[in-house]
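Geometric and topological summary
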Amino acid sequence: MHIANKGVIVTGGASGLGAACVRLLTEAGARTTIIDFNTETGTALANELGEACIFVKTDVTKEEEVQAALQAAHAHSGEINILINCAGIGVAEKILSKRGIHTLASFSKVISVNLIGTFNVIRLASALMAENQPEGEDGERGVIINTASVAAFDGQIGQAAYSASKGGIVGMTLPIARELASLGIRVVTIAPGIFDTPLMAGLPEAARVSLGQQVPFPSRLGRPDEYASLAKHIIENTMLNGETIRLDGAIRMSSH
Ligand SMILES: NC(=O)c1ccc[n+]([C@@H]2O[C@H](COP(=O)([O-])OP(=O)(O)OC[C@H]3O[C@@H](n4cnc5c(N)ncnc54)[C@H](O)[C@@H]3O)[C@@H](O)[C@H]2O)c1
Ligand SMILES: C[C@@H](O)[C@H]1CC[C@H]2[C@@H]3CC[C@H]4CC(=O)CC[C@]4(C)[C@H]3CC[C@]12C
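Residues numbered from 1 in each chain as written. Chains lettered and ligands numbered in written order. Predicted model: local features only at pLDDT ≥ 70, side-chain atom pairs only at ≥ 80, totals over all residues. Heavy atoms only, no water.

1. Overview of the site of ligand 1
Neighbouring ligand 1 are 28 residues; Ser15, Asp36, Tyr162, Lys166 and Thr197 lie closest to it. With respect to ligand 1, the backbone of Gly193 contributes an N or O atom lying 3.5 Å from an oxygen atom. Coverage of ligand 1 by the protein amounts to 94% of the 830 Å² it exposes when considered alone. Those elements that place two or more of their residues in the shell around ligand 1 are helix 1 (16–27) and helix 5 (160–180). (Near = heavy atom within 4 Å. Polar contact = N/O pair within 3.5 Å; in protein donor to acceptor, adjacent residues only side chain to side chain. Areas by Shrake-Rupley, 256 points an atom, 1.4 Å probe, with all protein chains shown as cover. Helix = DSSP H or I, 4+ residues; strand = E, 2+ residues; numbered from the N terminus.)

Listed below in structure tokens is the structure:
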């Protein structure tokens, strides 16, 4: 799919990997909508990028808020052609530790935001994509990109909830791609390794350096623009569909 003049929605687009996608795709001529619940960073980025980019304060777990955000995006760009799901949270909690037993509330929260939130936006955005005129020789109507994690495959100690949420995203990629294929809507998931974003800001610098050194090549944290570059390629390469792509420098996470 060509990007210029397309309607792009990026959840979690106010920070990190999502913000890099908003920047790259707005610069490529798309009309972008940032869906995020951080008003300060979302508004700042939209203002920086100008008229082609808007921000809508939205919690992806809330059906009504997502519906309203999609309507605003549709009004802004005329069509919804591309969705990138980056909204997500990370948690670290052991099943049994000195702090006690892993709470059900914290497990449910991670699943709610990362997995259910992703599904919520997919189901509502794909309904709008289905209304698009088919494009080009393939008759494409839309592209959906989700964000899992290598933790879906190499989950570490303390990541039961996080890995389950990301494994669920990986698991639903193919069935949704199969369902939407007849409409010309593709679904691809990116499983990032370790990327230098505010999500990692809570880690001490020594831990960040150590994590980067665990990456076989290049031995460093990934850059958000490298994630955005893959997302742009997925949009432009119609043969990519129904797959999860690891973007990780060949890291295989250790147990902890
Ligand atoms: N940074 C990494 O190393 C890494 C690795 C693998 C996967 N990921 C995944 O990539 C995605 C983006 O992570 P990031 O590193 O850019 O983090 P980030 O914290 O910089 O950005 C996440 C954004 O999502 C937003 N968000 C969180 N919950 C939301 C909700 N309920 N509704 C709307 N917005 C919400 C936050 O406000 C934030 O702006 C996440 O799903 C994360 O799990 C990150
Ligand atoms: C592969 C990625 O999904 C994981 C690699 C690094 C992890 C983060 C490390 C810091 C953690 C801090 C915390 O207590 C909450 C979870 C983390 C943010 C954790 C989330 C998963 C990644 C990004």
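2. Focus: the UniProt feature "domain: Ketoreductase" (unreviewed entry) in the protein
According to UniProt, the feature "domain: Ketoreductase" (unreviewed entry) maps to residues 6–197 in the numbering used here. End C-alpha atoms of residues 6–197 are separated by 27 Å, and the span's content is 44% helix alongside 20% strand. (UniProt positions renumbered as here; feature names shortened; annotations may be inferred.)

3. Considering the nonpolar core
Membership of the largest hydrophobic core comes to 32 residues, with the highest contact counts inside it found for Ile34, Ile84, Ile145, Tyr227, Ile234 and Ile235. Counting residues per element, the ones that place at least two in this core are strand 1 (7–11), helix 1, helix 2 (39–49), strand 3 (53–57), strand 4 (82–85), strand 7 (142–147), strand 8 (185–192) and helix 7 (224–236). The contact partners of Tyr227, leaving out residues within four places of it in the chain, are Leu17, Cys21, Ile84, Cys86, Ile145, Asn146, Thr147, Ile190, Pro192, Phe195 and Leu247. Listed in part, the 29 residues of the second largest apolar core include Ile35, Leu115, Ala125 and Val187. (Core = buried A, V, L, I, M, F, W, Y, C linked by side-chain atoms within 4.5 Å. Buried < 20%, exposed > 50% of the residue type's maximum accessible area, 1.4 Å probe, protein only. Contact = heavy atoms within 4.5 Å.)

4. Considerations on helix 4 (residues 104–129)
Each α-helix winds once per 3.6 residues, and so residues spaced three or four apart point in a common direction. In this model, helix 4 (26 residues) spans 35 Å end to end at C-alpha, consistent with the 38 Å of a helix rising 1.5 Å per residue. Where helix 4 bends most, at Ser112, the angle is about 35 degrees. (Expected span 1.5 Å × (residues − 1). Bend = angle between axes of the 7 residues up to and from the residue.)

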